[in-house]
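What follows is each chain in one-letter form.
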Amino acid sequence: MSLEQFKNRQTGTQNYILLDLEHAPKTSMEQFKRVIKRGVSLELFVGLGVTFKAMVKALFAKEMHTTKYPFEKLPISPRYRAIHDMLRLLESGNYRCIGCGLCEKICISNCISMDTRYDENQRKEVSEYTINFGRCIFCGYCAEVCPELAIVHGGRYETASEQRASYSLFEDMLTPIDKLSLQQEYDGFGAISPNADENIKKTPLAY
Amino acid sequence: METTTMIGQLPEVTYAGVIIKAIIILAVISAVAGFGTYVERKVLAFMQRRLGPMHVGPFGLLQIAADGIKLFTKEDIVPQHANRFIFMVAPVITAATAFIALAGVPVFPDFVIPQEVPLLGGIFVPSIASDVNVGILIVIGMMAAGLYGPLLAGMAQANKWGIIGAARTAIQFLSYEVVTGLSILAPIMIVGSLSFVEFNNYQGEHEVWLVFYQPVAFVLFLIAGFAETNRTPFDLLEHEAEIISGYATEYSGMRWGMFFIGEYANMITISVIASMVFLGGYNDLWIFPAALMIVLKIAFFFFLMLWVRASWPHIRPDQLMWLCWKVLMPIGVINMLITGIAVMLVLE
Amino acid sequence: MSELQSIEKMISIKIDGVEYQAKEGEYILNAARANNIFIPAICYLTRCSPTLACRICLVEADGKQVYSCNSKVKEGMEITIDTPNILQERRAIMEVYDVNHPLQCGVCDKSGACELQNYTLELKVDSQSYAIPDTTREVKNWSSVLHYDPGLCIVCERCATVCKDIVGDAAIDTAKRGGAELDKNYKETMPKDAYAMWNKLQKSVIAPTNGTEFTNCSDCGECIAVCPVGALTSRDFVYKSNAWELKRIPAVSAHSSDGFQIYYEVKHTSIADREEKIYRVTNEWNYVSLDGAARFAYDFENRGVSKNKTAFDATIEAFQKAKTIRFNSVITNEEALMLQTLKEKKGIKLYNLEVRAFQKFLRYYQNASGRSLYTTDNDEIMKQSDFVIAVGVSLRNDAPGMKYAFNNVQKLNKGAGLYFHTIEDTLVSGFGKSVESFVHKVGLEEAVFYLILDLFADKTKLPQALKSYIDSFKTSQTKIIQEKVDKTIKEMVKDEKTGEEKEVTKKVKETIEKQITVERNGLLELLGGDSEKFAESFKKMVNKKEHFSMMVGEDLYYHPKAENIAKLIALIEATTSIDVVMNPPKANALGVALICDLDDEASGYTIGYNELGDFRLSALGDGDLDMPAMNQQEGTFTTLSKRVVPTNAALSYDGYELGDIVKVLIDAPSQTIEWTAMLPEEKGYRAVEFDSLPNEYFNDGSENRGYLLDETSMEVALPEVSQIDMSSVLEGEIVYRCNPARQFSDFTDKSHEIFEPFGLYASEAKVATLGEKVEVVFGEKSIVLDVIVDHKMKGEIMKLSDFKYAQNVYELFAESRYKNVTIKKV
């Protein structure tokens, strides 16, 4: 009875390709033969051909792979967790943050801190908000817990700065008011699921 | 001999002409060597689908200037336990031998400085700084002497990587000197002269490139040339993955730069020799003028070195020795014997 | 208390099939709570009367649905907490509470510590079936501390209940909201109780009772504490911090002598300033109610102090040459013991004007009664007493705990009360219908006690001479009064049809003149009462009353005949069933009185500890050496309830403490709390380590804080009392040394949520004659004061604050609390 099926230990769905490697020459004769074979079949020139083709394609077929990084940036995944952004309400331009403090509470590296106050419009106002990016581990819990989709992870992954205070304040993370129209809805951690509407139970409303 | 008659046809070579030629060689080859680094980086980049230097000057052309400024302005460091004098002298040996080798190589066609130029007007500048009738011998000899640069540098710097680099220098250069000599002996036998001008004239007269008479010798010479100039796949002297930077480990600034210039000058020398000896020298070809042809040929060899570097892996030192002594040298000897017999039969 | 429990009869009840013990006469809800069983309830407050606003505490008792907050347990009662019908009702009630409740939990100051949220989740409300149009309800600031958001209010009436039943101010109550009418269909479709509750809820909102926008109350903030949602908050705290960020530090209120248990809630000041500060004070509001000082006077800490070696060396030098230490009652037991030890070892005099009179009075009482301490306390009065008498204590100003107890007895124990004071207080007389207030002349306190003896004493126990002295005040008088009498008339009526004669009885009202003998009580009239009316109302007041208690206060300690009064109190305790509680003036006065051996005179070089002196130690930050304030210290207090309770440091303090000084002067332990176990056992203290003192309340409301002082008593003969000394009666312009309700010391004054100014408080009528500013002349000395209206007092006597040590008011008054003065307009 053949046990082939048990000997095939390539489980799973990976499509491995088994390489048919030639044996290393053992005797000097074999070695000599290999030298002759490789020399005559001009394998070395295949290598030269590959590189030359690559050069031609790079120069003339727009297959240049370089991204001139600081001037050119590749788009990142929406689920990427970089420096936080504070979003505004699209219609009014007010901040979405209501100062509930959940992000501060859930933060496992304890790096979020906020001060709130009772403002002139009888609302809770975030008077100070800061994230210590020296401590932040970009776990995304804050974005996930935020009930207002106010704090989200943005695309700023360049976390080098001349001083730690840079971009750790509310104003630095907040969408500039003149760029409100460019504000992107975040669909990463903590975003509303696509079927959110279906999950809501209807409540009778009398107004 | 024949050469004297040729010189007789040309204006007299003066000391001033030779000095001017030497200065031109130094300046031009240094510049070309520098430019070579730029070309190397660009070519390697393209072959790896990258852009290479882009930011200094248009297309990164001024990168060499930036590198030059950097190298010149770097602190000159001599390691604590190094043999100070030899350490400082070694790069000079490399650079000097590389340029001295170029003295026997025709670099540009002859020309006379126009009369309008004050002081120097009317001076004849020869194509070869020193057209001795043993040019090839001088060139090969000087290149062999260049072995002292890396060897002394590696030994003087009190660094184990340097020592290994120096040891590799000794074996590699000495071994491949044999192959170079053997391979170039066959064309010499055909032409019957050691003068590059004779080689050029021979191929011009016969309207044939020697590579067709001596393909084996050409291949051997090229392989040996790669080894002599310390290029991939034979760049074991400063094999980064194994011995950091080999003999150049402790060098920085302009001293390191001199090794670099020496290496590139040697690459040019080898390219020139290969072009002169095997690919017809500076003779016209169809509609192409001689000057363009020689530049194209040199450029091709230079490019070939970069191309090979981009394509092929390094080999191990033992493979290098195996290749030299068990493959190339026997072939070289056999090739020489056959050539000798053939020449004897043809001349008879 | 343990004595009390054994007296109470325990019965057994079954809750959900399990048998439990419960006190007879207790509400089902309380019985369940005491046995650690959960019955949902929103509107009910322990120690208050049931409101029946939420109706969620519905249970089934012996097959009938009852509200567990107002049905009492019976022997063998079988209670089921959840039946399908009840669960349906409860769920409907919670759904109704959630109708139109703003979804602003994210910013709400309850920050999740919300009963509405908890019960909504507890009852698994996951959908809403009811709806009604919402009404606009504006946010209001009721006073300088109260902030009310009616949008969040669920009208459980807990605030109104606590204000009425415990605090006594009755400053807020439900008012009309003007909400939309409920849809008629709901009446049929909804569960009954939920509909009834909604109907009421939809119409009401909470508002000040005086008809204005502002409460005129004592600003105690108890309504804030009991609010189950975020509707009522302290104005200062609104949107300042989430509850979960605050660290709760159990402590003792450092202002009144009640020693209320409080929690200081601390957090870092701001993002930039990481030093902790106190954000608010909270309490176990089911078991203890705070006064305004305890709740709002919390930020009196001595900030930014570091160890100043030079000042410390100067202090040691000062102590070496000191003859007297002057201090007050804002001091822990441990510090008091340190000072006493200094006195014993170094012979330094201890001078304390706040406590000295009380200490003397307590000694007179001890000598006269043989007891080491008075017999009851406020908690016990609240639990069982149904008749309270207050003498010589300005309930509203001096003793918040007594005020609450006095009021609670009226409201909850269906009790009665007698209030004897020199100043008419409109608030106290409004505590209940059975409260009788007497406004007597200054100095007549002895007469009050003779009257109490007359009214309550077992005459057989009284010595003959005393009995006849009391009787000498009584006179008989004949008086003709007109009385309506029901007269029964018999008549023979002839039936016209049958011609039969029938005897018919008719009732006819007739006015007759009657001669009666009226007993006139001279004592009563001396105190400003009307003997005729009083005799009748008193009969009603004492009807079916079982537990009598008496509160006495500071007026008596400063009375010229204090010793005689103490003897009278002892006599009353011996011959009547009245228990007595004394109000130690301020903070830890009882502790100081017990631990320290105070001197009458200060002499020589004086060190003032939070007081005036040649060299000053101060926790107010203005002395020669800084001291930690009470919220920066650990130690124990001796409270009015005769309990030694621990307090903890809420804020850090880096400077020197009194212990450091004492350590240099004499051989002493290194830590202040090591003194706790050394407190004098002969005074009732126990050798218990500070760290082993408990600080909690149990579910049944019993207090497990620290330990009770051990009391001793011995048989003594009845004290010899002297007759009423009319010479101590004061007439004319009188000032009374008395603080506004939330002020006790410089520490309360320093706190930013306390606004009552230092000045001369007087009734509206009196203020009209005084003007804005006056100079009060005490013989040689005088003081210039602002005149402030106290709307709840009447009469001519003025109240002069004493809470600023720098004004040295105690020395102006010398050894009395009332003083004849000359008022000059400024």
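Per-chain numbering applies: the sequence of each chain, read as written, is numbered from 1 onward. Whichever chain is written first becomes A and whichever ligand is written first becomes 1, with later ones labelled in order. Where totals are concerned, whole chains, interfaces and linings use all residues; where local detail is concerned, this predicted model gives features only for residues with pLDDT of at least 70, and gives and counts side-chain atom pairs only at 80 or more.

In terms of helices and strands, chain A carries 7 helices and 4 strands. Secondary structure is summarised from DSSP: a helix means a run of H or I of at least four residues, a strand means a run of E of at least two, and numbering begins at the N terminus for each. Mapped in sequence order, the helices and strands of chain A form the string α-α-α-β-α-β-β-α-β-α-α. Relative to the globule expectation of 17 Å for 207 residues, the C-alpha radius of gyration of chain A, 29 Å, shows a markedly less compact shape. With the principal axes as the frame, chain A shows a C-alpha extent of 95 × 55 × 35 Å. Looking at the 207 residues of chain A, the share that counts as buried comes to 18%. Only the C-alpha atoms count toward the radius of gyration. The rule for a globule is 2.2 Å times the residue count to the power 0.38. Counting other C-beta atoms within 10 Å of its own, a residue is labelled buried from 20 upward, exposed at 12 or fewer, and partly exposed in the gap between, with every C-beta atom placed from the backbone.

Right, let's talk about the overall build of chain C for a bit. Check the secondary structure of chain C and you find 27 helices and 39 strands. Projected onto its principal axes, the C-alpha coordinates of chain C cover approximately 110 × 75 × 60 Å. For chain C, buried positions account for 50% of its 826 residues. Contacts spanning at least 24 positions in sequence make up 74% of the contacts within chain C whose residues lie at least 6 apart. Once C-beta atoms are placed from the backbone, any two residues with those atoms within 7 Å are in contact.

Our next topic: the sheet that holds strand 32 (residues 734-737) of chain C. Residues and elements named next belong to chain C. In this analysis, strands are considered paired if DSSP registers two or more bridges between them. Strands sit in the order 38-32-37-33-35-34-39 across an open sheet of 7 strands; the sheet is mixed. Of all the strands in the sheet, the pair left with one neighbour each is strand 38 (818-820) and strand 39 (822-825). With direction set aside, neighbouring strand axes in the sheet form an average angle of 35°. As paired elements, strand 32 and strand 38 share 3 bridges and run antiparallel to each other. The residue bridging Ile-734 from the neighbouring strand is Asn-820, located in strand 38. Convention adopted: a line fitted to C-alpha atoms gives each axis, helices being fitted over their contacting stretch, and angles between N-to-C directions are expressed from 0 to 180 degrees.

Before going further, it helps to examine the domain arrangement of chain C. All names here are of chain C. What fixes the domain bounds is an automatic or database domain assignment. Domain annotation of chain C identifies domain 1 (309-361 + 588-708), domain 2 (364-477 + 529-582) and domain 3 (728-825). Relative placement of domain 2 and domain 3: their C-alpha centres are 26 Å apart. Taken together, the contact pairs 19 residues of domain 2 with 18 residues of domain 3. Listed by contribution, the elements that provide at least two residues to the side of domain 2 that touches domain 3 are helix 14 (395-398), strand 18 (424-425), helix 16 (426-429) and helix 21 (554-557).

Our focus in this paragraph is the sheet that holds strand 15 (residues 349-351) of chain C. All names here are of chain C. Pairing is parallel in the open sheet, where 5 strands are placed in the order 15-14-24-25-26. Strand pairing shows two members of the sheet lacking a second neighbour, strand 15 and strand 26 (625-626), which therefore form its edges. When strand 25 (residues 615-618) meets strand 26, the two strands line up parallel, connected through 2 bridges. Across the sheet, Ser-618 pairs through a bridge with Asp-626, a residue of strand 26.

With 9 residues of chain B at the contact, the number on the chain A side is 14 residues. Residues that form the side of chain B that touches chain A fall into these classes: 6 nonpolar, 1 polar and 2 charged. When residue character is reported, Ala, Val, Leu, Ile, Met, Phe, Trp, Tyr, Cys and Pro are called nonpolar, Asp, Glu, Lys and Arg charged, and the others, Gly included, polar.

It is worth spelling out helix 12 (residues 353-369) of chain C at this point. All names here are of chain C. Here a helix's expected span is defined as the number of its residues, less one, multiplied by 1.5 Å. Counted at 1.5 Å a residue, the expected span for helix 12 with its 17 residues is 24 Å, and the 25 Å between its end C-alpha atoms agrees. Of all 17 residues in helix 12, 13 are buried, a share of seventy percent or more. Downstream of helix 12 by a residue or two, Gly-370 has a phi angle that is positive, lying close to 80°.

Looking now at the arrangement of the chains. Summarising the chain contacts, 2 pairs of chains touch, and the pair with the most contacts is chains A and C. Across all C-alpha pairs, the smallest distance from chain B to chain C is 44 Å, and the two are not in contact.

Residues and elements named next belong to chain B. Interhelical geometry of helix 12 (residues 253-278) versus helix 13 (residues 290-311) gives an angle of 125° and a closest axis separation of 9 Å. With respect to their mutual orientation, helix 12 and helix 13 come out oblique. Seen along the crossing, helix 12 lies across helix 13 with a hand that is right-handed. Taking contact as the criterion, the partners of Met-267, Ile-268, Ile-270, Ser-271, Val-272, Ala-274 and Ser-275 in helix 12 are, on helix 13, Ile-294, Lys-297, Ile-298, Phe-301, Phe-302 and Met-305. Its residues assigned to classes, the contact of helix 12 with helix 13 shows 10 nonpolar, 2 polar and 1 charged. Here is the rule for angles: anything less than 35 degrees is roughly parallel, anything more than 145 is roughly antiparallel, 65 through 115 is roughly perpendicular, and the remaining ranges are oblique. Handedness of a crossing follows from how the near helix is turned relative to the far one, being left-handed for an anticlockwise turn of less than a right angle and right-handed for a clockwise one.

All right, on to the pairing of strand 17 (residues 416-421) of chain C then. All names here are of chain C. The buried fraction of strand 17 is high, at 6 of 6 residues. Side chains Ala-416, Leu-418 and Phe-420 project from strand 17 onto one buried face, and the interleaved Gly-417, Tyr-419 and His-421 project onto a second face that is buried too. Relative to strand 17, strand 16 (residues 387-391) runs parallel, the two being bridged by 5 bridges. Residue pairing in the sheet places Ala-390 in a bridge with Tyr-419 of strand 17. With 5 bridges joining them, strand 17 and strand 19 (residues 435-439) adopt parallel strand pairing. The residue bridging Tyr-419 from the neighbouring strand is Ser-437, located in strand 19.

We now examine unusual backbone geometry. The amide bond that connects Thr-232 of chain B to the next residue, Pro-233 of chain B, takes the cis arrangement and shows omega of 5°. Examined against the element boundaries, Pro-233 of chain B turns out to sit in the loop between helix 10 (215-228) and helix 11 (240-243). Even without glycine at this site, Ser-111 of chain C takes up a positive phi of about 35°. Mapping Ser-111 of chain C onto the fold places it in the loop between helix 3 (84-98) and helix 4 (115-122). The phi dihedral of Lys-544 of chain C falls on the positive side, at around 60°, and the residue is not glycine. Position of Lys-544 of chain C among the secondary structure elements: in the loop between helix 20 (531-542) and strand 22 (548-552). Residue classification places Lys-544 of chain C among the exposed positions, given that 7 C-beta atoms sit within 10 Å.

A few words on helix 20 of chain C. Residue and element names in this part refer to chain C. Across its 12 residues, helix 20 extends 16 Å between first and last C-alpha, which sits within 8% of the 16 Å expected from 1.5 Å per residue. The set of residues buried in helix 20 consists of Ser-531, Phe-534 and Met-541. One side of helix 20 holds all its buried residues, which, seen down the axis, span an arc of 75°. Away from its buried face by more than 90 degrees, helix 20 exposes Lys-533, Glu-536, Lys-539 and Lys-540. Elements in contact with the buried residues of helix 20: strand 17, strand 19, strand 21 (501-521) and helix 19 (522-526). Lys-544 lies just past helix 20 and shows a positive phi near 60°. Along the arc lie the directions from the helix axis toward the C-beta atoms.

Turning our attention to the domain arrangement of chain A. As far as domains go, chain A holds domain 1 (27-65) and domain 2 (83-191). Each of domain 1 of chain A and domain 2 of chain A has a C-alpha centre, and the two are 55 Å apart.

Turning next to the interface of chain A and chain C. Opposite the 21 residues of chain A that make contact, chain C presents 19 residues. Listing elements by their share of the side of chain A that touches chain C, those giving two or more residues are strand 2 (112-118) and strand 3 (124-131) of chain A. Counting residues per element, the side of chain A that touches chain C draws most heavily on strand 2 of chain A, which supplies 5 residues. Residues that form the side of chain A that touches chain C fall into these classes: 8 nonpolar, 7 polar and 6 charged.

A word on the nonpolar core. By convention the nonpolar core is taken to be a set of buried residues drawn from Ala, Val, Leu, Ile, Met, Phe, Trp, Tyr and Cys and joined through C-beta atoms within 7 Å. Ala-41, Cys-57, Cys-159, Phe-361, Ala-390 and Ile-569 of chain C are the most contacted members of the largest nonpolar core, which has 219 residues in total. Residue contacts for Ala-390 of chain C: discarding those within four places in its chain leaves Leu-395, Met-402, Phe-406, Tyr-419, Phe-420 and Met-551 of chain C. Grouped together as the second largest cluster of nonpolar side chains are 89 residues, Met-55 and Ala-58 of chain A together with Ala-186 and Ala-248 of chain B included.

Tracing the backbone through its elements, the reader meets Ala-310 of chain B in helix 13. In the structure, Ala-310 of chain B is positioned 77 residues away from Pro-233 of chain B in sequence and 9.8 Å away in space, judged by C-alpha atoms. Aside from chain neighbours lying at most four places away, what touches Ala-310 of chain B is Thr-51 of chain A together with Val-43, Leu-44 and Met-47 of chain B.

Summarising burial for strand 2 of chain A: 5 of the 7 residues are buried, a large majority. Between the end of strand 2 of chain A and the start of strand 3 of chain A, which pair antiparallel, lie 5 residues, with Gln-122 of chain A showing a positive phi angle near 60°.

Residues and elements named next belong to chain C. It is at 6 Å that the axes of helix 5 (residues 158-167) and helix 15 (residues 400-412) come closest, and there the two elements cross at 105°. Between helix 5 and helix 15, the angle is such that the two are roughly perpendicular. Only Tyr-404, Asn-407, Asn-408, Lys-411 and Leu-412 of helix 15 make contact with helix 5, whose side of the interface consists of Lys-164, Asp-165, Ile-166 and Val-167. Its residues placed into classes, the contact of helix 5 with helix 15 shows 4 nonpolar, 2 polar and 3 charged.

This paragraph deals with the environment of Ala-27 of chain B. Relative to the elements of secondary structure, Ala-27 of chain B occurs in helix 2 (residues 15-47). Each C-alpha atom, one on Ala-27 of chain B and one on Ala-224 of chain B, is 27 Å from the other, the two residues being 197 residues apart in sequence.

Attention now moves to the environment of Val-428 of chain C. Residues and elements named next belong to chain C. Tracing the backbone shows Val-428 in helix 16. Overall, Val-428 belongs to the buried group, with 23 C-beta atoms counted inside 10 Å. Placed 22 residues apart in sequence, Val-428 and Phe-406 show a C-alpha to C-alpha distance of 8.7 Å. Not counting residues within four places of it along the chain, the set of residues in contact with Val-428 comprises Leu-395, Arg-396, Tyr-419, Val-435 and Ser-437.

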